[in-house]
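# Secondary and tertiary structure notes
Here is how the chains run, residue by residue.
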Amino acid sequence: MPSSRTSSAPQGPAVAGLLLAAGGGRRLGGRPKALLEHHGRPLVEYAVRVLREGGCDPVHVVLGAAADRVRREADLSGCVVRDNPDWEEGMGSSLRVGLSSLAPPGPVDAALVLLVDQPGIGAEAVARVRAAYRSRASLVAAAYGGRRGHPVLFGADRWARIAESAVGDRGARSYLAAHADDITLVECADVAEAYDIDTPEDLRHLR
């Protein structure tokens, strides 16, 4: 039986999930965020499942802090896993590593970026943002009460310019601010919560 990508039937866009999971949890006493426990398993596993259930394929994961330990303790089978040796520089370096792992775009039309420390964002929000893809120039973001948040979808034609602008801990924020008029906002406040796990107080969100 031919695969879904080789069938003669019309195909939808190929949207890869890009999970940024390199954070060292500085304000959590140096506990790598990818290994925080959620529903009995490492948080990185939960986030990978969210991307897959939201329709993303393939799934690329960028690790940084305690990367070897994450590989040992978390089940990342079926994922493309990349290490970011410069993870301490901030999210921008992880975004560059992730986009580089997807380039050249080939059959992938867009990357949907999710952060590992936002477990309040589930598969339904991912699916909504993914469904807003229109072309390889698409720029889509979830919104919460009209305010832009994650996940964010980047059409493949934008990857090179996004990578160039991704520095420090700002990730793609500079690029998104400069292209605000191009962004399609998809309201997700009814199905997701965009909190971060940054401090010991935030650990109450984990189950």
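The structure we're discussing is the one just above.
Residues numbered from 1 in each chain as written. Predicted model: local features only at pLDDT ≥ 70, side-chain atom pairs only at ≥ 80, totals over all residues. Heavy atoms only, no water.

## Describing the nonpolar core
Judged by nonpolar contacts, the single largest core of 44 residues is most densely connected at Leu19, Val44, Val61 and Leu76. Of all the secondary structure elements, the ones that give two or more residues to this core are strand 1 (15–21), helix 1 (43–53), strand 4 (59–63), helix 2 (67–73), strand 6 (110–115), helix 4 (123–131) and strand 7 (139–144). No other element matches helix 1, which puts seven residues into this core. Setting aside residues up to four positions removed in sequence, Val61 forms contacts with Leu19, Ala21, Val44, Val48, Cys79, Val80, Val81 and Arg82. Judged by nonpolar contacts, the second largest core, of 23 residues, contains Ala111, Leu115, Leu176 and Ile183. (Core = buried A, V, L, I, M, F, W, Y, C linked by side-chain atoms within 4.5 Å. Buried < 20%, exposed > 50% of the residue type's maximum accessible area, 1.4 Å probe, protein only. Helix = DSSP H or I, 4+ residues; strand = E, 2+ residues; numbered from the N terminus. Contact = heavy atoms within 4.5 Å.)

## Observations regarding the layout of surface pockets
Size it by volume and the largest pocket reaches roughly 1,200 Å³. As for the largest pocket, its lining consists of 37 residues, of which Lys33, Met91, Leu115, Asp117 and Asp169 are closest to the centre. Broken down by secondary-structure element, the contributors of at least two residues to the lining of the largest pocket are strand 1, helix 3 (91–102), strand 6, strand 8 (147–155) and helix 6 (173–178). Element by element, the count of residues in the lining of the largest pocket is highest for strand 8, at six residues. Considered class by class, the residues forming the lining of the largest pocket number 15 nonpolar, 10 polar and 12 charged. (1 Å grid on protein atoms, 1.4 Å probe; cavity = no way out; pocket = protein on both sides within 12 Å on 5 of 7 lines; lining within 4 Å. Points joined across faces, edges and corners; volume = space filled by probe spheres on them. Nonpolar A, V, L, I, M, F, W, Y, C, P; charged D, E, K, R; others polar.)

## Concerning the pairing of strand 4
Both faces of the sheet carry side chains from a regular strand, because those side chains alternate between them. Among the five residues that make up strand 4, five are buried, leaving the element largely enclosed by the rest of the structure. Burial along strand 4 is two-sided: the residues Val59, Val61 and Leu63 and His60 and Val62 are all buried. Relative to strand 4, strand 1 runs parallel, the two sharing five bridges. Residue pairing in the sheet places Leu18 in a bridge with His60 of strand 4. Pairing geometry for strand 4 and strand 5 (residues 80–83), over four bridges, is parallel. Considered in strand 5, the bridge of Val61 is made with Val81. Handedness of the crossover joining strand 4 and strand 5 through helix 2: right-handed. (Pairing = 2+ DSSP bridges. Right-handed = clockwise from strand over helix to strand, strands pointing away.)

## A short note on the sheet that holds strand 4
Strands sit in the order 5-4-1-6-8-7-9 across an open sheet of seven strands; the sheet is mixed. Edge positions in the open sheet fall to strand 5 and strand 9 (184–187), since each of these has one partner strand only. Each adjacent strand pair in this sheet contributes to an overall mean axis angle of 25°, direction not counted. Pairing between strand 7 and strand 8: five bridges, direction antiparallel. Paired with Ala143 across the strands is Arg148, a residue of strand 8. Along the sheet, helix 3 makes contact with strand 1, strand 4, strand 5, strand 6 and strand 8, crossing strand 1 at roughly 150°. Its contacts with the sheet place helix 4 against strand 1, strand 6, strand 7, strand 8 and strand 9, and it is angled at close to 55° to strand 8. (Axes fitted to C-alpha atoms, helices over the stretch in contact; angles between N-to-C directions.)

## Details of the state of the cysteines
Chemically, a disulfide is nothing more than a covalent bond linking the sulfur atoms of two cysteines. Taken as a whole, this structure holds zero disulfides when the rule is applied. As a non-bridged cysteine, Cys56 has Cys79 as the owner of its nearest cysteine sulfur, 11 Å distant. Cys56 sits in the buried class, given a relative accessible area of 4%. (Disulfide = S-S within 2.5 Å.)

## A closer look at helix 1
Counted residue by residue, helix 1 has eight buried out of 11 residues, so it is predominantly covered. After helix 1 finishes, the residue Gly55 shows a positive phi value of roughly 100°.

## A few points about the environment of Arg170
Mapped onto the elements of the fold, Arg170 is located in the loop between helix 5 (159–165) and helix 6. Judged by its relative accessible area of 42%, Arg170 falls in the partly exposed class. Between the alpha carbons of Arg170 and Val191 there is a distance of 26 Å; along the sequence they are 21 residues apart. At 3.1 Å, the side chain of Arg170 forms a polar contact with the side chain of Ser174. (Polar contact = N/O pair within 3.5 Å; in protein donor to acceptor, adjacent residues only side chain to side chain.)

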